[in-house]
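Commentary on secondary and tertiary structure
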Amino acid sequence: MNKRLVYVVMLFAGIFCISVCVSDVIVAGEKGHAHDHDHSKKKHGSLKHGSHNHGKKRHDGHTHTKKRQLDSHEHGVSVLKIASEKNMIEMELESPADDIVGFEHAPENAQQREKISKAIAVFKDKAGLFFPNVEAQCKITKNSAEFEADAGSGHASFHVKWHLSCANLSKIQVLSTSFFKIFPKAKEIEVEVVSDAGQRDIEWDSDQNKIKLKLTK
Ligand SMILES: [Zn+2]
C-alpha cells in the first residue's frame, strides 16, 4: 500500500511539474513575443523621426560595426563605393533590403526566400549590374552577394562586391546600370569614388541610367 501511495504521489508531482514547466514556457514565449513586437515598433518609430542619435545610443553596449551600418541606412538610398588601382576596380554596394525585396527581416516563408535568392541572382549575374563603357574592356574577376538581417535594429541589407579587371582603365567615361529598373523602390545611389583622379562623391538619381566616371588623371 505504501509503495502504491508513493507512486501516486510521484505521479501527481510529475504532472504538477510538467504543467508548471509548460505554463512557464508559454508565459516566457508570450513575454518574449510582446517584447520583440514593442522593440521593433519603437525602432520603426525612431526611424521615422530620423533620430540617429537614439539608435546609436542604443547600440553603444554592442560593438558590432555591421549593426551600426544597418542602423544608419536610409530607405531608398544605396551606397556604392568605387575604388580603382592600376587596372583594377573594386565596387561595393550596400542596399537597404526594403528597396530590393520589400522587407527587412530574416525570410519567414518560401516566397520571401525566393525573393532573396532572385535578388542575389541579379547581384551575381555574370554580366554584372554596373557597367563601365565597353572601350575600357572591363571584366568581372570576383563577385559576392549576401543578405544581412539584424533583428536588433530591425534593418536588413544586401551587400555586394565586384572586382573588375580593365584593359583600358583610362578609357572609362561612364558607368551605366539597370539597377533602378530592376529595383524600382531604389531612388538614389550615393557613389563614393577613390582613384588616381582623386576622391569624388556623386549623387546618382533613379532617373539617370548612367553617370560620368573618370578613374585616371
Ligand atoms: Zn532599413
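Above: the structure in question.
To start, this report covers the structure provided alongside it. (Residues numbered from 1 in each chain as written. Predicted model: local features only at pLDDT ≥ 70, side-chain atom pairs only at ≥ 80, totals over all residues.)

**Details of the pairing of strand β1 (residues 77-85)**
Here β1 shows a buried face lined by S78, L80, I82 and S84 and an unburied face lined by V77, V79, K81, A83 and E85. Judged from the seven bridges that link them, β1 and strand β2 (residues 88-96) form a sheet pairing that is antiparallel. Looking at β2, one finds that I82 is bridged to M91. Here β1 folds back onto β2 in antiparallel fashion, the turn holding two residues, of which K86 has a positive phi close to 55 degrees. (Buried ≥ 20, exposed ≤ 12 C-beta atoms within 10 Å, placed from the backbone. Helix = DSSP H or I, 4+ residues; strand = E, 2+ residues; numbered from the N terminus. Pairing = 2+ DSSP bridges.)

**Quick notes on the sheet that holds strand β7 (residues 188-195)**
The six strands lie next to each other as β4-β5-β2-β1-β7-β8, forming an open sheet whose pairing is mixed. Edge positions in the sheet fall to β4 (138-150) and β8 (198-205), since each of these pairs with one other strand and no more. With strand direction ignored, the average angle separating the axes of adjacent strands in the sheet is 15 degrees. With seven bridges connecting them, β1 and β7 associate as parallel partners. Residue pairing in the sheet places V79 in a bridge with E190 of β7. (Axes fitted to C-alpha atoms, helices over the stretch in contact; angles between N-to-C directions.)

**Topic: the sheet that holds strand β6 (residues 174-177)**
Spatially, β3-β6-β9 is the arrangement adopted by the three strands of the open sheet, whose pairing is antiparallel. The two strands at the open ends of the sheet, each matched to only one other strand, are β3 (130-132) and β9 (210-212). For this sheet, the mean angle separating the axes of adjacent strands, direction not counted, is 20 degrees. Here β3 runs beside β6; their pairing, made up of three bridges, is antiparallel. Within β6, the position partnered with F130 by the bridge is T177.

**Notes on the environment of I140**
By the element assignment, I140 lies in strand β4. Note: C-alpha distance between I140 and E90 (50 residues apart in sequence) is 9.7 Å. Those residues in contact with I140, other than ones at most four positions away along the chain, are G128, W162 and L164. (Contact = placed C-beta atoms within 7 Å.)

**Here's the deal with helix α5 (residues 110-123)**
Here α5 is 14 residues long and its end C-alpha atoms lie 20 Å apart, about the 20 Å a rise of 1.5 Å per residue gives. Regarding α5, the residues found buried are I116, A119 and F123. Looking straight down α5, one finds that the buried residues subtend no more than 65 degrees of arc, so they occupy a single side. Summarising the geometry of α5, the exposed residues directed more than 90 degrees from the buried face are A110, Q111, E114, S117 and A121. Structurally, α5 contributes buried residues whose contacts are with α4 (97-100), β4 and β5 (155-166). (Expected span 1.5 Å × (residues − 1). Arc of directions from axis to C-beta.)

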